[in-house]
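Commentary on secondary and tertiary structure
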Amino acid sequence: MRIGVVFGLAMLAVSLAGAAHAEVKMSGTFVADAACPATQAIKNGKNPGNVSTDAGQSYQLLAGNKDTPTHYLIQVPGADPERRWVKVSCGHLSGSGAATVPAAPGGQGKPATSGKPEYVFALSWQPAFCETKSSKAECRAQNPNEFDATNFTLHGLWPQPNGNFYCQVAAGDKANDNPAHWKDLPPVNLDAGTRKELDQVMPGTASQLERHEWIKHGTCYGKTQQEYFSDALGLMRQVNASPVRDLFTKNIGGKLTADQIRGAFDTAFGAGAGDRVRVSCVIDPSNGRRLIGELTLGLAGPIGPNSSLKDLLLASVPTNKAGCPTGTVDAIGFQ
């Protein structure tokens, strides 16, 4: 009996030791590049609630399964339990955990002082977006003489991590947050000047995009509707007055690489700014062209009416993926 007890205790010690080494603590943010199973366990794949990551969403990074991990342990808000394992191939790291992943060529290879992006600033190239959404009101109204033919347009300013969605939002408004019901969301109240500029710089206001952006992201910004959109518009002006916009307008109908785009950000906003930029492409359903659809910028630091985009970019952490390697700068109108 005594031998059995001793053996049992020894096996328990081995088990606990193994459990202690099953997680290598990490910090930062995991950004999903795809919808992947988020499991409670790695080996048996148990997945209560059939939880998956959402492409583009950020999650708090907790640990890896070993020093060179095959899986990351992340926190998935709303899941039960919230601690879930995902394959490393499902996404990329941002923040201090990113130090375990090689930076993109030309990057600084280490996080900035702030350690992680505090915001993602998303800019659209509207002609490309409209190739995939031809039925939207703003796309049916495209005109070669309009702002969106030669300028970046505003998609959104998103506080990170993206788990901060819908801060103190009523359940009914959250339920209506899909494109078919954006018209049923509460109107956004802005002064006349801001409303006029927003309608130009965010063509999606024709589909009530601003209502969605406020409900999902702006409610977590910590400021009023007026301040949230004014801050975003201030950053948009800096992009559209920069060599980045010039690069795009000079290459309408031609192709650009991610390296060229990042280089333009370096020229416009200082060496290293391009390392905070990721390029996304869309496929034109009518002819299969790969089009540059969106740029996402990692920002850190307080944002206000007079904030410098250069300072916000350089205070953030480099992204270790440049995104779409090359794509066409689409011209306005359906091709």
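One structure accompanies this document, and this report is about it.

Cut-offs and rules
- Residues numbered from 1 in each chain as written.
- Predicted model: local features only at pLDDT ≥ 70, side-chain atom pairs only at ≥ 80, totals over all residues.
- Heavy atoms only, no water.
- Buried < 20%, exposed > 50% of the residue type's maximum accessible area, 1.4 Å probe, protein only.
- Helix = DSSP H or I, 4+ residues; strand = E, 2+ residues; numbered from the N terminus.
- Pairing = 2+ DSSP bridges.
- Disulfide = S-S within 2.5 Å.
- 1 Å grid on protein atoms, 1.4 Å probe; cavity = no way out; pocket = protein on both sides within 12 Å on 5 of 7 lines; lining within 4 Å.
- Points joined across faces, edges and corners; volume = space filled by probe spheres on them.
- Salt bridge = Lys/Arg side-chain N within 4 Å of Asp/Glu carboxyl O.
- Contact = heavy atoms within 4.5 Å.
- Phe/Tyr/Trp six-rings, centres within 6.5 Å; stacked < 30°, edge-to-face > 60°.
- Lys NZ or Arg CZ within 6 Å of the ring centre and 35° of its normal.

Looking at the pairing of strand β3 (residues 58-64)
- For β3, the tally of buried residues reaches 6 of 7 residues, placing the bulk of the element in the interior.
- Alignment of strand β1 (residues 24-25) against β3, held across 2 bridges, turns out to be antiparallel. Residue pairing for β3: V24 is matched across the bridge by G64.
- Pairing of strand β2 (residues 29-32) with β3 involves 3 bridges; the strand directions are antiparallel. Its bridge partner being in β3, F30 is matched across the sheet by Y59.
- The sheet contact formed by β3 and strand β4 (residues 71-75) spans 4 bridges and is antiparallel. The residue bridging L61 from the neighbouring strand is I74, located in β4.
- Counting the residues that bridge the hairpin from β3 to β4 gives 6 residues.

Brief notes about the state of the cysteines
- Overall, the coordinates contain 3 disulfides when judged by the stated rule.
- Between the sulfur atoms of C167 and its disulfide mate C220 the distance is 2.1 Å. Looking along the S-S bond of the C167-C220 disulfide, the torsion reads about 105°, which is the right-handed sense. Of this pair, C167 sits in the loop between β8 (153-159) and α4 (171-175) while C220 sits in the loop between α6 (209-216) and α7 (225-240), placing them 53 residues apart in sequence.
- The exposure class assigned to C167 is partly exposed, which follows from its relative accessible area of 28%.
- On the basis of relative accessible area, C220 is assigned to the buried category, the value being 17%.

Brief notes about the layout of surface pockets
- Approximately 560 Å³ is the volume found for the second largest pocket.
- For the second largest pocket, the lining is made up of 26 residues, of which S124, F129, K133, H155 and E294 are closest to its centre.
- At the level of elements, α2 (126-132), β8, α6, β10 (277-283) and β11 (290-299) are the ones that each hand at least two residues to the lining of the second largest pocket.

Structural notes on the pattern of salt bridges
- Using the criterion set out here, one finds 8 salt bridges in the structure.
- For R195, the salt bridge goes to D199, with nearest N and O atoms at 3.0 Å. With R195 and D199 both in helix α5 (residues 192-201) and 4 residues apart, this pair spans about one turn of that helix.
- Classification of D199 by relative accessible area gives partly exposed; the value is 35%.
- For R195, the salt bridge goes to E210, with nearest N and O atoms at 3.3 Å.

Thoughts on the environment of N176
- On the secondary structure map, N176 appears in the loop between α4 and α5.
- The spacing of N176 and H212 is 36 residues in sequence and 9.1 Å in space, taken between C-alpha atoms.
- Those residues in contact with N176 that lie beyond four places of it in its chain are H181, W182, D184 and L185.

Here's the deal with the packing of aromatic side chains
- Evaluation of the coordinates by the stated rule reveals 10 aromatic pairs.
- Judged by centre distance (5.9 Å) and plane angle (35°), the rings of F265 and F269 are tilted. Residue F265 and its partner F269 are located together in helix α9 (residues 258-269), separated by 4 residues, close to a single helical turn. The burial state of F265 is the same as that of F269; both residues are buried.
- Put simply, the rings of Y119, W214, Y221, Y228 and F229 touch in pairs and so form one group of aromatic residues.
- In this structure, K216 packs its charged tip against the face of F165, placed 4.4 Å from the ring centre.

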